[in-house]
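# Coordinate analysis (summary)
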Amino acid sequence: MAGTLYLIPNTLGPADAGAADPLRALIPDEVQAITAGLDCFIAENAKTTRAFLKLVALQHPLAKPLQEIQINELNVNTPEAMLPQLLQPLLEGRNAGLISEAGVPAVADPGANLVRLAHAQGIQVRPLVGPSSLLLAVMASGLNGQSFAFNGYLPVDAAQRGKQIKMLEERSRKEKQTQIFIETPYRNAALLETLANTCQPGTLICIATDLSLASESIVTRTAAVWKKQLAAGKAPDLHKRPTVFLFLGQ
């Protein structure tokens, strides 16, 4: 009988290492207990997964010493042909955990293809509760939470990016649909400037930064207000800070 593939949420940033239970506020105790009981993981980043397991071990003894736990990497550079090999332990009856570098796996994450293959091979998939930056951003934005679309990354080329923003803004206005996207953290400031200068003045833009961390900042303003703040040199500090961008055309 095949094992179960657990989809394990990670924190969205550095946990409070000085706390007695650094994960308590973000990762339910049951999820930590399930994670501790596994000795096989498929991880976007092996290093961050080991760090996460060290925090879990503060409250729940690990199934094996950390150095003996099997961690295989699955990231954007993993060939599609490798996916069956990653699932082999589960086909042999072992349970395994799929874990992203931050947040929930298989959403804006290369793990989705592995989950689809697991379904095709009759492996039970069990998602576990934890923080999702996309849902937290929608919740706190004040924008439409009944209809929203995640668009991943916008084009890097300036002309293509502007064209894509205008197209999404028109869809947002017509369908009253919140549009969501992310950016490489060192390009956050440039994206905010592009949004402020490209969107219609009344379009609502939300910038959700460092979600669930002590430095969290969530601000929703019209494009006109963002543009005025940028011109006055009052732009928020977004440099290298994980940020979710949302807008709703009016």
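Before any of the text, the structure's been laid out above.
Since the model is a prediction, treat every value here as computed from it, not as a measurement.

A word on the sheet that holds strand 9 (residues 217-222). Sheet strands associate in pairs through backbone hydrogen bonding, adopting either a parallel or an antiparallel arrangement. The sheet built from five strands is open, its strands ordered 6-7-10-8-9 with mixed pairing. On the outer flanks of this sheet lie strand 6 (148-153) and strand 9, each paired with one strand and no other. The average angle at which neighbouring strand axes cross in this sheet is 20°, direction not considered. Here strand 8 (residues 204-209) pairs with strand 9 via six bridges, running antiparallel. Paired with Leu204 across the bridge in strand 9 is Thr222. Contacting strand 6, strand 7 (178-182) and strand 10 (243-248), helix 6 (residues 158-175) runs over the sheet at an angle of about 55° to strand 10. Those strands touched by helix 7 (residues 188-198) are strand 7, strand 8 and strand 10, and its axis lies near 5° from that of strand 10.

Our next topic: the sheet that holds strand 3 (residues 70-73). Reading across from one edge, 3-2-4-1-5 is the order of the five strands in this open sheet, with parallel pairing throughout. What marks the edges here is a single partner per strand, and that holds for strand 3 and strand 5 (124-127). The average angle at which neighbouring strand axes cross in this sheet is 25°, direction not considered. One ladder, built from four bridges, connects strand 1 (residues 4-8) with strand 4 (residues 96-99); its direction is parallel. Bridge pairing in strand 4 links Leu7 to Leu98.

Our focus in this paragraph is the side chain of Thr35. Structurally, Thr35 is set in helix 1 (residues 29-36). Note on Thr35: relative accessible area 1%, which makes it buried. Looking at Thr35, its side chain comes within polar contact range of the main-chain oxygen of Val31, at 2.8 Å. With near-sequence residues (within four places) excluded, Thr35 lies in contact with Ile8, Phe41, Phe52, Leu53 and Val56.

Below, the discussion takes up the nonpolar core. Counting residues in hydrophobic clusters, the biggest one holds 20 residues, and the most contacted among them are Ile8, Phe41, Phe52 and Ile71. Counting only elements with at least two residues in this core, the list comes to strand 1, helix 1, strand 2 (40-43) and helix 2 (46-56). With five residues, the top contributor of residues to this core is helix 2. When residues no more than four places from it in sequence are discounted, the contact partners of Phe52 are Ile8, Pro9, Asn10, Thr11, Leu23, Ile27, Thr35 and Ile99.

At a minimum axis separation of 10 Å, helix 6 and helix 7 run at an interaxial angle of 55°. The pairing of helix 6 with helix 7 is recorded here as oblique in orientation. Pair helix 6 / helix 7 crosses with right-handed handedness. In this structure, helix 6 contributes Arg161, Gly162, Ile165, Lys166 and Glu169 to the contact, and helix 7 contributes Leu191, Thr194, Leu195 and Thr198. Looking at side-chain class alone, the contact of helix 6 with helix 7 contains three nonpolar, three polar and three charged residues.

You will see that Ala106, though not glycine, has its phi angle at about 75°, which is positive. Among the residues examined, Ala106 registers a relative accessible area of 24% and is labelled partly exposed. At Ala108, a residue that is not glycine, the phi angle is positive and equals roughly 55°. Within the secondary structure, Ala108 is located in the loop between strand 4 and helix 4 (111-120). Relative accessible area serves as the criterion here: at 54%, Ala108 is assigned to the exposed category.

To continue, consider helix 4. The set of residues buried in helix 4 consists of Gly111, Leu114, Val115 and Ala118. Considered in projection along helix 4, the buried side chains sweep an arc of 100° and stay on one side of the axis. Counted as exposed and oriented over 90 degrees from the buried face of helix 4: Arg116, His119 and Ala120. Buried residues along helix 4 sit against strand 1, strand 2, helix 3 (83-91), strand 4 and strand 5. The positive-phi residue at the C-terminal boundary of helix 4 is Gly122, with phi of around 75°.

Analysis parameters
Residues numbered from 1 in each chain as written. Predicted model: local features only at pLDDT ≥ 70, side-chain atom pairs only at ≥ 80, totals over all residues. Heavy atoms only, no water. Pairing = 2+ DSSP bridges. Helix = DSSP H or I, 4+ residues; strand = E, 2+ residues; numbered from the N terminus. Axes fitted to C-alpha atoms, helices over the stretch in contact; angles between N-to-C directions. Contact = heavy atoms within 4.5 Å. Buried < 20%, exposed > 50% of the residue type's maximum accessible area, 1.4 Å probe, protein only. Polar contact = N/O pair within 3.5 Å; in protein donor to acceptor, adjacent residues only side chain to side chain. Core = buried A, V, L, I, M, F, W, Y, C linked by side-chain atoms within 4.5 Å. Parallel < 35°, antiparallel > 145°, perpendicular 65-115°, else oblique. Left-handed = near helix turned anticlockwise from the far one by under 90°. Nonpolar A, V, L, I, M, F, W, Y, C, P; charged D, E, K, R; others polar. Arc of directions from axis to C-beta.

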